[in-house]
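Examining the three-dimensional arrangement
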Amino acid sequence: MAHPHTARARMTHPVMTLPATMKALLALSASTEGHGVDHRTMELVHLRASKINGCSVCVDTHARDLRKGGESDERLFAVAAWRDAPWSDDAERAALAPTEAVTRIADSADPVPDDVRAGATRHYDEEALSALLVAIASVNVWNRLDVATRQPAGQLPG
């Protein structure tokens, strides 16, 4: 028996109802490209935040995009265990640490501790770190819209 939430979305996706929002969110996402964080790392960031938030649409989308880019199943499966997985390099770990911290911002009295920032700044200059933070915020917006409206995986808005 199918889960009662998987049959269809609760409502039309907000970005379909508010086209200016779709345009703004796509522009926000695009604004992070080409600023010192490679595309693969950005996709891993998107996948990790989406897994934390339980966003099936974004997990599906970003996992598929990574696979199309040549990523192995091992890397995709291990993104939740990035700290210990041998498939993550130091720069990816430096991007995934703030991804978790910013995504789980309410879970700690010191949500983005200095050591997380320091780790990121060892691999990313201010421009790249800015792009990374905007990308984390952007995927979290998409996750929250998708989860709140119960958008089914495999059915992207637009």
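On a predicted model such as this, the values are computed, not experimentally measured, just so you know. Per-chain numbering applies: the sequence of each chain, read as written, is numbered from 1 onward. Residues qualify for local features only when their pLDDT is at least 70, as the model is predicted, and side-chain atom pairs are given and counted only at 80 or more; totals for whole chains, interfaces and linings, by contrast, use all residues. Side-chain metrics in this entry use all non-hydrogen atoms of the structure; hydrogen atoms and water are not considered.

Description of the environment of Pro 14
Labels follow the DSSP assignment, with helices taken as runs of H or I lasting at least four residues and strands as runs of E lasting at least two, numbered in each case from the N terminus. Tracing the backbone shows Pro 14 in helix α1 (residues 14-17). Measuring from C-alpha to C-alpha, the distance between Pro 14 and Thr 149 comes to 8.3 Å, with 135 residues separating the pair along the chain.

Here's the deal with helix α7 (residues 114-121)
All of the buried residues along α7 are Val 116, Gly 119 and Ala 120. Down the axis of α7, the buried side of the element spans an arc of 100 degrees, and every buried residue falls inside it. What points out from α7, more than 90 degrees from its buried face, is the exposed set Asp 114, Asp 115 and Arg 117. The secondary structure elements touched by the buried residues of α7 are α6 (90-103) and α8 (126-148). When a residue's accessible area, from a 1.4 Å probe over protein chains only, is under 20% of the maximum for its type it is buried; when over 50% it is exposed; and in between it is partly exposed. Here, the arc refers to the directions that run from the helix axis to the C-beta atoms. By definition, residues are in contact when any of their heavy atoms lie within 4.5 Å.

Digging into the state of the cysteines
Two cysteine sulfur atoms form a disulfide, by the criterion used here, when they sit within 2.5 Å. Tallying each qualifying case throughout the model produces zero disulfides. Left without a disulfide partner, Cys 55 is nearest to the cysteine sulfur of Cys 58, which lies 3.5 Å away. Take Cys 58: its relative accessible area is 7%, and that puts it in the buried class.

Concerning the pattern of salt bridges
What counts as a salt bridge is simple: a side-chain nitrogen of Lys or Arg found within 4 Å of a carboxyl oxygen of Asp or Glu. Summed over the entire model, instances satisfying the criterion amount to ten salt bridges. A salt bridge links Arg 40 to Glu 71, with the shortest nitrogen-to-oxygen separation between them at 3.6 Å. One end of the pair, Arg 40, is in helix α3 (residues 39-53); the other, Glu 71, is in the loop between α4 (56-68) and α5 (73-77), with 31 residues separating them in the sequence. Relative accessible area serves as the criterion here: at 34%, Arg 40 is assigned to the partly exposed category.

A word on unusual backbone geometry
The phi dihedral of Arg 150 is positive, around 55 degrees, even though this residue is not glycine. Within the fold, Arg 150 resides in the segment after α8.

Some points on α4
Expected helix span is given by 1.5 Å per residue-to-residue step, counting one fewer step than there are residues. Its 13 residues place the ends of α4 18 Å apart at the C-alpha level, agreeing with the 18 Å of an ideal helix rising 1.5 Å per residue. All buried positions along α4 are accounted for by Val 57, Cys 58, Thr 61, His 62, Ala 63 and Leu 66. Of the residues one or two after α4, Gly 70 is the one with positive phi, at around 95 degrees.

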